[in-house]
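Examining the three-dimensional arrangement
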Amino acid sequence: ARFRNPATGKPDPEKLKAFNEANPETLRQAMYLAQAPVPASYGTVPYWSANAFEATNARGESKFVRWQFVPEAGTVGLSEEELRTRPDDFLADELRARVKAAPVAYTLQFQLAQAGDPITDPTRAWPADRPGVNAGRLLIEAVEPGAGGACERMTFTPVALPDGLKPSADPVLLARAAPYVLSLGRRLSEPRP
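None of the values given here were measured: they were computed from a predicted structure.

**Focus: a nonpolar patch on the surface**
- Together, Tyr32, Leu33 and Trp48 line one region of the surface with nonpolar side chains, adding up to about 320 Å² of accessible area.
- With respect to the element layout, Tyr32 can be found in helix H2 (residues 28–35).

Written as structure tokens, this is what we have:
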């Protein structure tokens, strides 16, 4: 439904409308993004998992969780006027300057599932009142270059987890590793300018 028509360069609006009406869950992230301000910095925006994981503590007690990285500098967005003054790649440049001045820190929190929360549906958010547990701290002290940097030869595997964490039975989570590996292969095989 989202393939672009070669004649118009845009998706067929009727096909897109029919798809959206038949699959309203696919619009949830777009609705969230339409309401959220554009981040002022990668260092002032929260990050979270849409997928659930089973966390087991040292006593062998398990709970399903979703992780969240909460910026210690707070969540800061830009107004439309401020956004118009920024170049297209301002977020990467801003993060490099920010980290050069001081490390960027996030609190890692686990949002704990309660009875009835969807464990295998990443399109549905859990209620905001779910308890959270501080699980760690992420400190960013350096930023690699973009294209051609060290990260270009790495891939993200969402089911490569540390001891104490296991993937849920979420079919989307379990399917994610394969496209990431495919993407890495394509990235590494593309001719360089």
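There is more to say after this.
**Some words on helix H1 (residues 13–22)**
- Little of H1 is tucked away: one of the ten residues are buried.
- Regarding H1, its N-cap is Asp12, as a side-chain oxygen of that residue lies 2.8 Å from the backbone nitrogen of Glu14 further along.

**Focus: the packing of aromatic side chains**
- A complete count under the given rule lists five aromatic pairs for this structure.
- Each ring, one from Tyr32 and one from Trp48, has its centre 5.4 Å from the other, and the planes form 90°; the classification is edge-to-face. Of this pair, Tyr32 sits in helix H2 while Trp48 sits in strand E2 (residues 47–48); the two residues are 16 residues apart in sequence, bridging distant segments of the chain.
- Plain terms: the ring middles of Phe69 and Tyr106 are 6.4 Å apart, the flat faces sit at 85° to each other, and that makes the pair edge-to-face. Placement of Phe69 in strand E4 (residues 62–71) and of Tyr106 in strand E6 (residues 104–112) is noted, with a sequence separation of 37 residues between them.
- Residue classification places Tyr106 among the buried residues on the basis of a relative accessible area of 3%.

**A look at the nonpolar core**
- Phe53, Ala55, Val65, Leu108, Phe110, Leu112 and Leu173 form the largest nonpolar core, which has seven residues in total.
- For this core, the element with the most residues is E6, which contributes three residues.
- Apart from the residues lying within four places of it in its own chain, the contact partners of Val65 are Asn51, Ala52, Phe53, Ala55, Phe110, Gln111, Leu112 and Trp126.

**Brief notes about the pattern of salt bridges**
- Per the counting criterion, the structure on display carries seven salt bridges.
- One salt bridge in this structure joins Arg137 and Glu72, with 2.9 Å as the shortest N-O distance. Of this pair, Arg137 sits in strand E7 (residues 132–140) while Glu72 sits in the loop between E4 and strand E5 (77–78); the two residues are 65 residues apart in sequence, bridging distant segments of the chain.
- Among the ionic pairs, Arg130 bridges to Asp117, the shortest N-O distance being 2.7 Å. Here Arg130, found in the loop between E6 and E7, pairs with Asp117, found in the loop between E6 and E7; they are 13 residues apart in sequence, far enough to count as distant.
- Residues participating in the shared-partner salt-bridge network are Asp117, Asp129 and Arg130.

**Regarding the pairing of E6**
- Counting buried residues in E6 gives eight out of nine residues, a clear majority hidden from the surface.
- In this sheet, E6 lies alongside E4 in antiparallel orientation, the contact comprising seven bridges. Paired with Val65 across the strands is Leu112, a residue of E6.
- As judged from the eight bridges shared by E6 and E7, these two strands associate in the antiparallel manner. Paired with Phe110 across the strands is Val133, a residue of E7.

Rules and cut-offs
Residues numbered from 1 in each chain as written. Predicted model: local features only at pLDDT ≥ 70, side-chain atom pairs only at ≥ 80, totals over all residues. Heavy atoms only, no water. Patch = residues over 30% accessible without salt bridge, like charges linked within 9 Å, V, L, I, M, F, W, Y side chains within 5 Å. Areas by Shrake-Rupley, 256 points an atom, 1.4 Å probe, with all protein chains shown as cover. Salt bridge = Lys/Arg side-chain N within 4 Å of Asp/Glu carboxyl O. Helix = DSSP H or I, 4+ residues; strand = E, 2+ residues; numbered from the N terminus. Buried < 20%, exposed > 50% of the residue type's maximum accessible area, 1.4 Å probe, protein only. Polar contact = N/O pair within 3.5 Å; in protein donor to acceptor, adjacent residues only side chain to side chain. Phe/Tyr/Trp six-rings, centres within 6.5 Å; stacked < 30°, edge-to-face > 60°. Core = buried A, V, L, I, M, F, W, Y, C linked by side-chain atoms within 4.5 Å. Contact = heavy atoms within 4.5 Å. Pairing = 2+ DSSP bridges.

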